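Each chain, written out:
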Amino acid sequence: MLDLSKVLAGPLCAQYLGDLGADIIKVETVGSGDETRGWPPFPAPGLGTVFLSANRNKRSIAVDLKTAKGREIVHALAKSADIAIESFGTGVAERLGIDAATLRPLNDRLIHCSISGFGRSGPLKNSPGYDVILQAFCGIMSMTGDEDGGYIRSPISPIDQMTGVHAFSGILSLLYAREKTGQGGTIQVSLFETALGLLGYNLQTYWERGVQPPKCGSSHESLCPYQAFEAADGPIMIGVANDNLWRKFCGVTGLDALADDPKFRTNADRVTHRDEVLRHVKAALAANSVKHWNDALTAVGVPCSPINTLAQLLDHPHTAASGMIVEYDHAHAGRLKAVGHPVLINGEQRQAGLPPPVAGQHTDDVLSELGWSRQRIDDLRRERVIG
């Protein structure tokens, strides 16, 4: 696979494929490489933590795609590649000669995936797109946070990450289809379309009610009680998602009299009388500790959780038991941890695989595999076509 992408969505998609065994060749610019290499903090120079999170199991070559000789390298690799993925602005891939119309005639089995901010057509096709911009443009930010608070960015970059997952699923689909047809194909995904996809039930509710939903903080406009509450010693998240859970919740918290009250019997009733429900629940939960309520509610199957910090998450025995945190040695950064692939296949233990590469670390190896001579490689480096 040729990973011609940068930042998060494309690199994450490529890392997922690398976790499954694909040979990923990451094509980076000569000099700086992927821009996330420069995003702090840094375990070592050129290895920003965002870069580390999405670039395991890859070999890196540094190529100047603005030169004819640089494009020749990518075209030579494309002739035997299964997949190519790029995330340049609209029109840039065409100028660099890495678009589907250029690469697929070289190899009709090639699957070409193009990732963009707003798609490759429409009035905004040329607009740059980052996760936070799409959170704002698509109305997600207008619903995030508390009603009397400011505008809040979701800190996990959900649109970027889900765009990578959509690209991943599209590529797997075409790989499967290719087994039948012998032909590759093209895939287009965008942050805009991912954001719209994530808004499915929000938009469905908007079409029904016809009004902008209020900011709900930790709660849910269609469920109650379903939010964070303050126990005697800290916050706890409660998820009473149906009427059976409501009755169990009332039994544990001493609110039995409310369980079959006509004002609170069904979820729709509770949503209608939300303020009154919350008043009773807040008073009940404030009487005891987070641990007390977490243990008692979990025992009867009511979904709940302390609001953990990252340190508390990592220290929890369930995290250790999951095997999701993997470790590896990096020649420049020492012993590092990473989040493993979130799909467990045949019960096999997750492995970190190859450490994220230094920019251009494997340029000579990859060109040698193409059959290019030492002299030719040295000449390209002197001409700054490669790094």
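Located above this text is the structure these notes cover.
Being a predicted model, the structure only gives us computed values, none of them experimental.

Undergrad: Explain the overall build of the chain here, please?
TA: When helices and strands are counted, the chain shows 18 helices and 11 strands. The C-alpha extent of the chain, read off along each of the three principal axes, is 85 × 45 × 45 Å. When each of the 387 residues of the chain is scored for burial, the buried share is 42%. Taking as baseline every contact in the chain between residues at least 6 positions apart, the subset at least 24 positions apart corresponds to 66%. Entry remark: accessible area of the chain is about 19,400 Å², with carbon and sulfur atoms responsible for 55%. The average position of the 37 basic charges and that of the 42 acidic charges among the side chains of the chain differ by 4 Å.

Undergrad: What's the story with helix H8 (residues 191–198) in this structure? I'm lost.
TA: Along an α-helix, a turn takes 3.6 residues, which lines up residues three or four apart on a common side. Among all positions of H8, only Leu191, Thr194 and Ala195 are buried. End-on, the buried residues of H8 take up no more than an arc of 100°, which puts them together on one face.

Undergrad: What is the right way to read the sheet that holds strand S7 (residues 226–231) from this model?
TA: Remark on secondary structure: sheet strands pair via backbone hydrogen bonds, oriented parallel or antiparallel. On the basis of which strands lie adjacent, the open sheet formed by three strands has the order S7-S8-S9 and antiparallel pairing. Because the sheet does not close on itself, it has two edges, and the strands there are S7 and strand S9 (304–306). For this sheet, the mean inter-axis angle between neighbouring strands, taken without regard to orientation, is 25°. Pairing of strand S8 (residues 234–239) with S9 involves three bridges; the strand directions are antiparallel. Pairing of isoleucine 238 across the sheet is with cysteine 304, part of S9. Those strands touched by helix H13 (residues 274–285) are S7 and S8, and its axis lies near 40° from that of S7. Set on the sheet, helix H14 (residues 290–299) makes contact with S7, S8 and S9; between it and S9 the angle comes to about 155°.

Undergrad: Looking at this structure, I do not really get the nonpolar core. What am I missing?
TA: One broad trend across soluble globular proteins is that nonpolar side chains are buried collectively. Core analysis: the biggest nonpolar cluster contains 29 residues, and Met1, Cys13, Leu17, Cys113, Ile115 and Ile171 have the highest contact counts within it. When residues of this core are traced back to their parent elements, those giving at least two are helix H1 (9–19), strand S4 (83–86), strand S5 (111–116), helix H7 (158–181), strand S6 (185–190) and H8. It is H1 that contributes the most residues to this core, six residues altogether. Contacts of isoleucine 115, omitting those with residues within four sequence positions, involve Ala9, Gly10, Ile85, Glu86, Ser87, Phe88, Arg120, Thr163, Ala167, Val189 and Leu191. Counting residues in hydrophobic clusters, the runner-up holds 26 residues, among them Leu2, Ile61, Val74 and Leu96.

Undergrad: Please explain the packing of aromatic side chains as it appears in this structure.
TA: What describes a pair of aromatic rings is the distance from one ring centre to the other and the angle between the planes of the rings. Under the defined criterion, the tally for this structure stands at five aromatic pairs. The interplanar angle of 25° and the centroid separation of 6.2 Å between the aromatic rings of phenylalanine 118 and phenylalanine 192 together place this pair among those described as stacked. Taken together, the residues phenylalanine 118 in the loop between S5 and helix H6 (131–137) and phenylalanine 192 in helix H8 connect sequence positions 74 residues apart. By relative accessible area, which is 9% here, phenylalanine 118 ends up buried. An aromatic cluster of at least three residues, connected via ring pairs, comprises Phe118, Phe137 and Phe192. Over the ring of tyrosine 151 we find lysine 215; its NZ or CZ atom is 4.2 Å from the centre of that ring. Over the ring of tryptophan 372 we find arginine 376, and its NZ or CZ is 3.6 Å from the ring centre.

Undergrad: Even after reading the chapter, I still don't get the packing of H8 against helix H9 (residues 200–209), so can you show me in this structure?
TA: Packed helix pairs are characterised by how far apart their axes lie and by the angle those axes make with each other. Where H8 meets H9, the axes come as close as 5 Å, and the angle between the chain directions of the two elements is 60°. Of the residues in H9, those touching H8 at Leu196, Gly197 and Leu198 are Gly200, Asn202 and Leu203. When grouped by side-chain class, the residues that make up the contact of H8 with H9 number three nonpolar, three polar and no charged.

Undergrad: Would you take a moment to explain the layout of surface pockets for this structure?
TA: By rolling a water-sized probe across the atoms, one finds the places where empty space is left. Roughly 1,200 Å³ of volume is contained in the largest pocket. If you trace the largest pocket, you find 37 residues lining it, with Thr49, Ser53, Ile156, Gln161 and Val339 closest to the centre. Contributions of two or more residues to the lining of the largest pocket are made by H1, helix H2 (49–53), H6, H7, helix H15 (310–315), helix H16 (317–322) and strand S11 (334–339). Considering only residue class, the lining of the largest pocket consists of 22 nonpolar, nine polar and six charged. Considering only enclosed or pocket space, the second largest pocket measures out at about 480 Å³ in volume. If you trace the second largest pocket, you find 19 residues lining it, with Ile140, Met143, Thr144, Tyr201 and Asn202 closest to the centre. Taken together, the residues of the lining of the second largest pocket break down into 11 nonpolar, seven polar and one charged.

About the criteria used
Residues numbered from 1 in each chain as written. Predicted model: local features only at pLDDT ≥ 70, side-chain atom pairs only at ≥ 80, totals over all residues. Heavy atoms only, no water. Helix = DSSP H or I, 4+ residues; strand = E, 2+ residues; numbered from the N terminus. Buried < 20%, exposed > 50% of the residue type's maximum accessible area, 1.4 Å probe, protein only. Contact = heavy atoms within 4.5 Å. Areas by Shrake-Rupley, 256 points an atom, 1.4 Å probe, with all protein chains shown as cover. Lys, Arg positive; Asp, Glu negative; His and termini not counted. Charge placed at Lys NZ, Arg CZ, Asp CG, Glu CD. Arc of directions from axis to C-beta. Pairing = 2+ DSSP bridges. Axes fitted to C-alpha atoms, helices over the stretch in contact; angles between N-to-C directions. Core = buried A, V, L, I, M, F, W, Y, C linked by side-chain atoms within 4.5 Å. Phe/Tyr/Trp six-rings, centres within 6.5 Å; stacked < 30°, edge-to-face > 60°. Lys NZ or Arg CZ within 6 Å of the ring centre and 35° of its normal. Nonpolar A, V, L, I, M, F, W, Y, C, P; charged D, E, K, R; others polar. 1 Å grid on protein atoms, 1.4 Å probe; cavity = no way out; pocket = protein on both sides within 12 Å on 5 of 7 lines; lining within 4 Å. Points joined across faces, edges and corners; volume = space filled by probe spheres on them.

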